[in-house]
Amino acid sequence: MENCRTQGNSAGDGGGAYLMNSSCIQNSLFSGNSATNNGGGVYVPEGTSLMGCVVSGNQAAVDGGGVYLTHSGTTYNSLIVQNQAGGKGGAIFANQGSKIFSNTIVDNQAPQGAGIWVDEGASILNSVVWGNDSTGIEFPESYFYHVQYSCADGGVTNGASGCITNEPCFTDPANGDYTLRSHSPCINGGTNDNVQTATDLAGYLRIMDGTVDMGAYEYLTPGSDPDGDGIPDNWEVRYFDSVMDCVSNACSDSDALNNWQEYIAGTDPTDGSSYFCITNCSVETDGYLIEWNPVSGRSYSIWAADSLTNSFTLLTNNLAYPVSSCAVEIDTTNRFFKLEVELED
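Computed from a predicted model, the values in this text were never measured in an experiment. (Residues numbered from 1 in each chain as written. Predicted model: local features only at pLDDT ≥ 70, side-chain atom pairs only at ≥ 80, totals over all residues. Heavy atoms only, no water.)

Chemist: Provide a residue-level description of the overall build of the protein, including the pertinent values.
Modeler: The helix and strand inventory of the protein stands at two helices and 31 strands. Taking 20 Å as the expected radius of gyration for a compact globule of 345 residues, we find that the protein reaches 26 Å, considerably beyond that expectation. A principal-axis box enclosing the C-alpha atoms of the protein has dimensions of 90 × 40 × 30 Å. Counting over 345 residues, the protein shows a buried share of 49%. (Helix = DSSP H or I, 4+ residues; strand = E, 2+ residues; numbered from the N terminus. Rg over C-alpha atoms; globule rule 2.2 N^0.38 Å. Buried < 20%, exposed > 50% of the residue type's maximum accessible area, 1.4 Å probe, protein only.)

Below, the structure written as structure tokens:
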């Protein structure tokens, strides 16, 4: 199951979904679901997993407001936020060998373990557990569990097993943006052991700078191109959801421009009606008026030829946004014009 929305449902266990038979749910949203027992959003038992999902605003009357993990159930690369449990584990109740890897767990509520309630044998790795209503990570003193390379404001010791208690420095948590700011201590703070996915929750490469970041999101330097295809990764994710789904030399919208050309032009690679062109060419007293739709960060040049078999001659260049037209003084015999675009220096 992938790319689904499960909202406003209810059940005894697993208000949004109850996984079975080695199933895996990927890239899905669970929101506003409820359980009269455990697992308000999702119930994840033995051999099943939750990967790259958002679990928000769910409720369980007993344990696991967002997710109930048991018997080696696993959650990877997910955002678990604003869930509530009547008992233990506002975001996650985890026991008996369950795994919590590369998750961001924020603003959940429960009387015990508002972030995570950990029972015997559970493991937490490369995760951020911050700003929950009561203790971030809580566990019975007699039980055995692992927390490594994670950032939490309760339940870990700073410096022990790679864990930190420093503020994670989210970009804009008040508006639901839990990506990392450039000075976050979570950047390169994880361990590459047990990294399960090629991309993070936002679709960016999971390891950007040699070492994985803590939490569900890798920090991306604006305009950077870690996959080396000539297109910034934030542009690829904006239009294709993941850097893995954007092929630079492929045409995704049948307008004869490949994705790299669409990036250079500043057009939408998923919309065949969005393409780079001269929008108007009209005869003026002393020449021609050339018009186009400019895009921020681009610079334009105009070329002319008297035949398509002859070379084009540059008439003018460095026409930067927001310039959208240019009058060129040239005799008004038959002419062919070419408009070129490049990224502004």
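Chemist: I'd like a description of the sheet that holds strand β10 (residues 59–60), backed by residues and values.
Modeler: Read from one edge of the open sheet, four strands run β2-β6-β10-β14, paired in parallel fashion. Either end of the sheet is taken by a strand with one partner, and the two such strands are β2 (10–11) and β14 (84–85). Here β2 runs beside strand β6 (residues 34–35); their pairing, made up of two bridges, is parallel. Paired with Ser10 across the bridge in β6 is Ser34. (Pairing = 2+ DSSP bridges.)

Chemist: Give a description of the pairing of strand β30 (residues 325–329) that names residues and reports values.
Modeler: In β30, alternate side chains face the same way, and those of Cys326 and Val328 are buried while those of Ser325, Ala327 and Glu329 on the opposite face are not. In terms of strand pairing, strand β27 (residues 287–292) meets β30 through five bridges, oriented antiparallel. Residue Gly287 lies in a different strand from β30, and its bridge partner there is Glu329.

Chemist: So what about the sheet that holds β27? Which residues, and what values?
Modeler: With respect to topology, three strands assemble into an open sheet ordered β26-β27-β30, the strand pairing being antiparallel. Looking at strand neighbours, the two that pair on one side only are β26 (278–284) and β30, the edges of this open sheet. Across the sheet, the axes of successive neighbouring strands diverge by a mean angle of 20°, strand direction being ignored. (Axes fitted to C-alpha atoms, helices over the stretch in contact; angles between N-to-C directions.)

Chemist: I'd like a rundown of the side chain of Thr74, residues and numbers included.
Modeler: With respect to the element layout, Thr74 can be found in strand β12 (residues 74–76). Within the local environment of Thr74, its side chain forms a polar contact with the backbone oxygen of Ser72, the two atoms lying 3.3 Å apart. The residues contacting Thr74, other than those within four sequence positions of it, are Val44, Thr48, Ser49, Leu50, Leu69 and Lys99. (Polar contact = N/O pair within 3.5 Å; in protein donor to acceptor, adjacent residues only side chain to side chain. Contact = heavy atoms within 4.5 Å.)

Chemist: Can you break down the nonpolar core residue by residue, with the values?
Modeler: The tendency in soluble globular proteins is for nonpolar side chains to be buried as a group. By size, the foremost hydrophobic cluster in this structure holds 27 residues, and its most contacted members are Ile92, Ile116 and Ile137. For this core, the secondary structure elements donating two or more residues are β7 (42–44), β11 (67–69), β15 (92–94) and β18 (116–118). Non-local contacts of Ile92, meaning those with residues more than four positions away in its chain, are made with Val67, Leu69, Thr75, Ile80, Ile100, Ile105, Gly115, Ile116 and Trp117. Core analysis: the second largest hydrophobic core is formed by 21 residues, Tyr239, Cys246, Tyr263 and Ile290 among them. (Core = buried A, V, L, I, M, F, W, Y, C linked by side-chain atoms within 4.5 Å.)

Chemist: Please set out the pairing of β27 residue by residue, giving values where relevant.
Modeler: Bridge analysis of β26 against β27 gives six bridges, and the strand direction is antiparallel. In the strand pairing of β27, Val283 is matched with Tyr288. Between the end of β26 and the start of β27, which pair antiparallel, lie two residues.

Chemist: I'd like a description of unusual backbone geometry, backed by residues and values.
Modeler: Phi is mostly negative for residues that are not glycine, and the peptide bonds are mostly trans. In this chain, Tyr321 is followed by Pro322 through a cis amide linkage whose omega measures 15°. If you trace the backbone, Pro322 turns up in the loop between β29 (313–320) and β30. Residue Ser72 is not a glycine yet carries a positive backbone phi of 70°. The backbone phi angle of Gln82 is positive, close to 60°, even though this residue is not glycine. Within the secondary structure, Gln82 sits in the loop between β13 (79–81) and β14.

Chemist: Explain the pattern of salt bridges to me, and be specific about the residues and the numbers.
Modeler: Inspection of every chain in the model, using the stated rule, returns two salt bridges. Here Arg206 makes a salt bridge to Glu218, at a shortest N to O gap of 3.0 Å. Placement of the pair is Arg206 in the loop between β25 (177–180) and α1 (233–240) and Glu218 in the loop between β25 and α1, with a sequence separation of twelve residues. A single burial state applies to Arg206 and to Glu218, both of which are buried. For Lys338, the salt bridge goes to Glu340, with nearest N and O atoms at 3.4 Å. A relative accessible area of 30% means that Lys338 is categorised as partly exposed. (Salt bridge = Lys/Arg side-chain N within 4 Å of Asp/Glu carboxyl O.)

Chemist: Could you give an account of the environment of Gln82, naming the residues involved and the relevant values?
Modeler: Exposure remark for Gln82: the relative accessible area of 47% places this residue in the partly exposed category. As a C-alpha pair, Gln82 and His71 span eleven residues in sequence and 25 Å in three-dimensional space. Not counting residues up to four positions away in its chain, the partners in contact with Gln82 are Ser56, Gly57, Asn58, Val106, Asp107 and Asn108.

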